[in-house]
Amino acid sequence: MNTLIFNSKNFRDNAVIQKLYAFSKIHDVELYLVGGSVRDMLLNRSTADFDFTLKSETIQFAKSFAESMSSPFVPLEEQPPTARVIVKTQQPNNGELCIDFTQFRAKTLIEDLCLRDLTINAMAIPLVSVMETDHPEIIDPCNGINNLEERQLLFPSEQVILDDPLRLMRIFRFSAQLDFHIPQKSFRLVQKHSNLLPNVSPERVRDELFKLLKNKKSNYYLQRMSEADLLPKVIPSLEKSLDSWSSLERFEKIPIPESLSVYRAEIETYLNEELGLFTNRCSLIKFCLLNTDYSVESGKHLRLSRKAVKFLKCISTEYPQLSDKVMTKKQIIAFLRDTTSEWWGVLLFSAVILPIPVGILKQIAETYYQHLLPILKRGRLISGEDLIRKFQLKEGREIGVLLKQIEEMQHHGEIQTRTEAFTAVEKLIQKKNKSI
């Protein structure tokens, strides 16, 4: 028995949807709400995006609707013709509603739905049916409603995998996102066709992988991908380091050690900062835990952004600094200066794979916020122009060396004022002259 309910009233009361429906009637265009929009509404999941499909003239229709709303129009794909209209609203989620319009991929709507990735995404509802009745017609040629009720993920056919092998990964991402089961029938198809994944562009594979890594329990689903012989096709070097599951599991359970809980707000902001499309620091740390020795190489293969690759390089090469069970304040300051703005990433990564004492984690954070950050905010005590003016030095390497030495003394707390900095420079110059 169908227990899923499509809330027609909430959808129908949406002012933008009302305008879209009126516009479609004026232009005699049949629109169908489709795919993830239908799925999420049947599952009572909130969404700020709507997907529609129509038979023809998609780009022209979307562009005309955008003009009627004085809204941005964004062409997305040529085949099938796809465009996006971004409408400003008074609602949450940045006050934007994204509406995507896609042309049928086949001659009929039924044929189009049967070409989609999963049965739960292969349903459509005529817009007129939603707007005119409380019990809209759901077009469901692939038994998607039953699969939704059973919380199962099935491919409409084996052919949809051959059409786009990225769907081999997508089924695991949806499993994580929706907490749905992948039955043996689907799992065997993934195993059977896993060798097709390398035919997909690295950028598309990357996006799907990092959407999955953003899930708080990605470890389980990545292991399932590994069991299906799919993950090694995503990260070939992973075959050399499959002993990292426990590290990934520990990080997902406790990404922020208890001793650092006082800094939770700062850490969460840091971890959630995007360093590329679908890619934040948290997901990059997970990626590195899976594949520490080859993370930079794998990141480049997946065409990660320069910022993301730089972050991977930092955490994978700097963490050995924290292998000592005891660190002096001087060593901590050197670590913070070497890792610059990414010290949190190195620290959190290291806390998962190294036996770092709780006290050291806390001491590093306190040293940064109580000692180093005030110095960084203040900036250099003296400049190169100060040295030229006061000591009649000429521009060149000597000034750079002196400034670096003064900066190190400042960071280690040996000097705190401009006067002390000038005195230190004078001594350094005298020392150099005596050695000549």
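These lines cover the structure that appears in this document, whether it is placed above or below.

### A look at the nonpolar core
For soluble globular proteins, nonpolar side chains are generally found buried alongside one another.
Consideration 1: Within the largest apolar cluster, 117 residues are counted, with the highest numbers of intra-cluster contacts made by F11, F52, F101, L209, L222, L260 and I364.
Consideration 2: When residues no more than four places from it in sequence are discounted, the contact partners of L260 are I267, W344, L347, L348, L361, K362 and A365.

### Some thoughts on the side chain of S194
Consideration 1: With respect to the secondary-structure elements, S194 resides in the loop between α10 (184-193) and α11 (202-213).
Consideration 2: Leaving out residues up to four positions away in the same chain, S194 has contacts with L168, A228, D229, L230 and K233.

### Observations regarding the pattern of salt bridges
Consideration 1: Throughout the structure, instances matching the rule amount to 24 salt bridges.
Consideration 2: A salt bridge links R12 to D134, with the nearest nitrogen and oxygen atoms 2.8 Å apart. You can see R12 sitting in helix α1 (residues 8-12) and its partner D134 sitting in the loop between α6 (127-132) and α7 (144-150), a full 122 residues away along the chain.
Consideration 3: On the basis of relative accessible area, D134 is assigned to the partly exposed category, the value being 47%.
Consideration 4: A salt bridge links E158 to K192; the shortest N-O distance between them is 2.7 Å.

### Topic: the sheet that holds strand β2 (residues 49-54)
Consideration 1: Spatially, β3-β4-β5-β2-β1-β6 is the arrangement adopted by the 6 strands of the open sheet, whose pairing is mixed. Looking at strand neighbours, the two that pair on one side only are β3 (73-77) and β6 (124-126), the edges of this open sheet. Within this sheet the neighbouring strands show an average axis-to-axis angle of 30°, counted without direction.
Consideration 2: Judged from the 4 bridges that link them, β3 and strand β4 (residues 82-88) form a sheet pairing that is antiparallel.

### Examining the packing of helix α9 (residues 167-178) against α10
Consideration 1: For the pair α9 and α10, the least separation of the axes is 10 Å and the interaxial angle reads 145°. For the pair α9 and α10, the sense of crossing is left-handed. Within the contact between the two elements, α9 uses L168, I171 and F172 and α10 uses S186, F187, L189, V190 and H193.
Consideration 2: When its residues are assigned to classes, the contact of α9 with α10 shows 6 nonpolar, 2 polar and no charged.

### A word on the packing of helix α19 (residues 329-339) against helix α21 (residues 358-378)
Consideration 1: Put simply, α19 and α21 touch, their axes get as near as 10 Å, and they point 75° apart. By the angle class used here, α19 and α21 are roughly perpendicular. On α21, the residues that touch K329, I332, I333, F335 and L336 of α19 are Q363, I364, T367, Y368, H371 and L372.
Consideration 2: Residue composition of the contact of α19 with α21, grouped by class: 7 nonpolar, 3 polar and 1 charged.

About the cut-offs
Residues numbered from 1 in each chain as written. Predicted model: local features only at pLDDT ≥ 70, side-chain atom pairs only at ≥ 80, totals over all residues. Heavy atoms only, no water. Core = buried A, V, L, I, M, F, W, Y, C linked by side-chain atoms within 4.5 Å. Buried < 20%, exposed > 50% of the residue type's maximum accessible area, 1.4 Å probe, protein only. Contact = heavy atoms within 4.5 Å. Helix = DSSP H or I, 4+ residues; strand = E, 2+ residues; numbered from the N terminus. Salt bridge = Lys/Arg side-chain N within 4 Å of Asp/Glu carboxyl O. Pairing = 2+ DSSP bridges. Axes fitted to C-alpha atoms, helices over the stretch in contact; angles between N-to-C directions. Left-handed = near helix turned anticlockwise from the far one by under 90°. Nonpolar A, V, L, I, M, F, W, Y, C, P; charged D, E, K, R; others polar. Parallel < 35°, antiparallel > 145°, perpendicular 65-115°, else oblique.

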